[in-house]
Amino acid sequence: MKREKISVIGAGFTGATTAFLLAQKELGNVVLVDIPEAENPTKGKALDMWEAAPVQGFDSHVMGTSNYEDTKESDIVIITAGVARKPGMSRDDLVQINQKVMKSVSTQIKEHSPNAIILVLTNPVDAMTYTVFKETGFPKERVIGQSGVLDTARFCAFVAEELNVSVKDIRGFVLGGHGDTMVPLIRYSYAGGIPLEKLIAADRLQAIVDRTRVGGGEIVNLLGNGSAYYAPAASLVEMAEAIIKDQKRILPSIAYLEGEYGYEGIYLGVPTLLGANGIEKIYELDLTKEEKSALDASAESVREVMSVLI
Ligand code: APR
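Residues numbered from 1 in each chain as written. Predicted model: local features only at pLDDT ≥ 70, side-chain atom pairs only at ≥ 80, totals over all residues.

Enquirer: Just checking my understanding: could you explain the site of the ligand for this structure?
Expert: Around the ligand, the surrounding shell holds 25 residues, and the nearest of these are Gly 10, Gly 12, Thr 14, Ala 81 and Asn 123. By residue class, the composition of the shell around the ligand is 13 nonpolar, eleven polar and one charged. (Near = placed C-beta within 6 Å. Nonpolar A, V, L, I, M, F, W, Y, C, P; charged D, E, K, R; others polar.)

Right, dumping it as structure tokens:
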């Protein structure tokens, strides 16, 4: 069986962590890519990872580069490239700066890996995934954004702590945009098959939901410089694994909607089936009035960000 080729664009905190997790799980050979100015550190990180292979016993090769020729015929491309918001930079500035990065990365992917499935992490992720979709012209099934796996993971981590039970037994369910406007569906969330509402008092459950909504900000405040990267990287790897192994996982993805849930022409977090073809299905659920209006607000905030795109 041929070994998959996975390119990770952006060799910063999230990209490098993602590359190492992919290699450790032997999901494929990994090419870590950054801008020419960062070529040596990128090569250094990749070499350092590869030198861990004999210790950890993985056969996935890792290389660092700034030359997209090296990414040729990737099966999966993961985009973590971009800049984080700095003091004095407006959210709109950030959108436009990262949009430029998405445009240049998309051009390279289109040229070198026309058949790849793309996973996007760069924020604001819904609008950035849309940009990559437009710029590559790839079919919607092959341009996928990550946010729900991470939001759900945060929710499940907090629930496991609250109940003092294994994280393995917790199932959460999040719809909508990333962060503040996400829509956690408590009635689809369980611990060992038991609905969470039966195990946790309503006010405690609400506190967990609120903490999940600002989960990214909590890490930013603690780090003091930069944003979360371990859990985001783990989330990307879970999605990549579902695709590479054709696992047919039901995971939340940021998917292009053409009428689903009543939305047209936007990328939004919805439950999807992930397999060898990328997004193989979007699940449409009946929502309560409150859930639908929360999702409407989420879609509206995604549209607001999209209106800044140039
Ligand atoms: N091509 C390739 N790499 C690029 C480009 C580009 N055009 N522009 C920037 N980069 C690289 C930077 O050089 C840097 O190494 O992207 C990397 C970003 O890494 P970090 O600054 O460490 O950011 P990180 O914490 O990894 O977050 C990356 O993920 O979670 C999101 O909001 C976060 O959008 C951000 C992204």
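Enquirer: For this particular structure, what's the right way to read helix H4 (residues 91–112)?
Expert: Taking 1.5 Å of rise per residue, the 22 residues of H4 would be expected to cover 32 Å, and the 31 Å separating its terminal C-alpha atoms lies within 8% of that figure. What H4 keeps buried is the set Val 95, Asn 98, Gln 99, Met 102, Val 105, Ser 106 and Ile 109. In a view along the axis of H4, the buried residues occupy a sector of 145°, so they form one face of it. Of the surrounding secondary structure, the elements contacted by the buried residues of H4 are strand E1 (5–9), strand E4 (76–79), strand E5 (117–120), helix H5 (125–136) and helix H10 (289–306). (Helix = DSSP H or I, 4+ residues; strand = E, 2+ residues; numbered from the N terminus. Expected span 1.5 Å × (residues − 1). Buried ≥ 20, exposed ≤ 12 C-beta atoms within 10 Å, placed from the backbone. Arc of directions from axis to C-beta. Contact = placed C-beta atoms within 7 Å.)

Enquirer: Which parts of the structure should I look at to understand the packing of helix H6 (residues 148–163) against helix H9 (residues 230–244)?
Expert: For any two helices packed against each other, one specifies the crossing angle of their axes together with the interaxial distance. Running from N to C, H6 and H9 cross one another at 120°; their axes reach a closest spacing of 9 Å. Relative to H9, the element H6 is oriented oblique. Our pair here, H6 against H9, has a crossing hand that is right-handed. Between H6 and H9, the contacting residues are Val 149, Leu 150, Ala 153 and Arg 154 on the first element and Ala 231, Pro 232, Ser 235, Glu 238 and Met 239 on the second. The residue makeup of the contact of H6 with H9, split by class, is six nonpolar, one polar and two charged. (Axes fitted to C-alpha atoms, helices over the stretch in contact; angles between N-to-C directions. Parallel < 35°, antiparallel > 145°, perpendicular 65-115°, else oblique. Left-handed = near helix turned anticlockwise from the far one by under 90°.)

Enquirer: In this structure, what is going on with the sheet that holds strand E7 (residues 170–171)? I would like to understand it.
Expert: Backbone hydrogen bonds are what pair the strands of a sheet, in a parallel or an antiparallel way. Pairing is antiparallel across the open sheet formed by three strands, whose spatial order is E7-E10-E11. Two strands bound the open sheet, and with one partner strand each, they are E7 and strand E11 (194–195). Across two bridges, strand E10 (residues 190–191) lies against E11 in antiparallel orientation. Within E11, the residue paired with Ala 191 across the bridge is Ile 194. (Pairing = 2+ DSSP bridges.)

As far as function goes, none of this settles anything; it's purely spatial.
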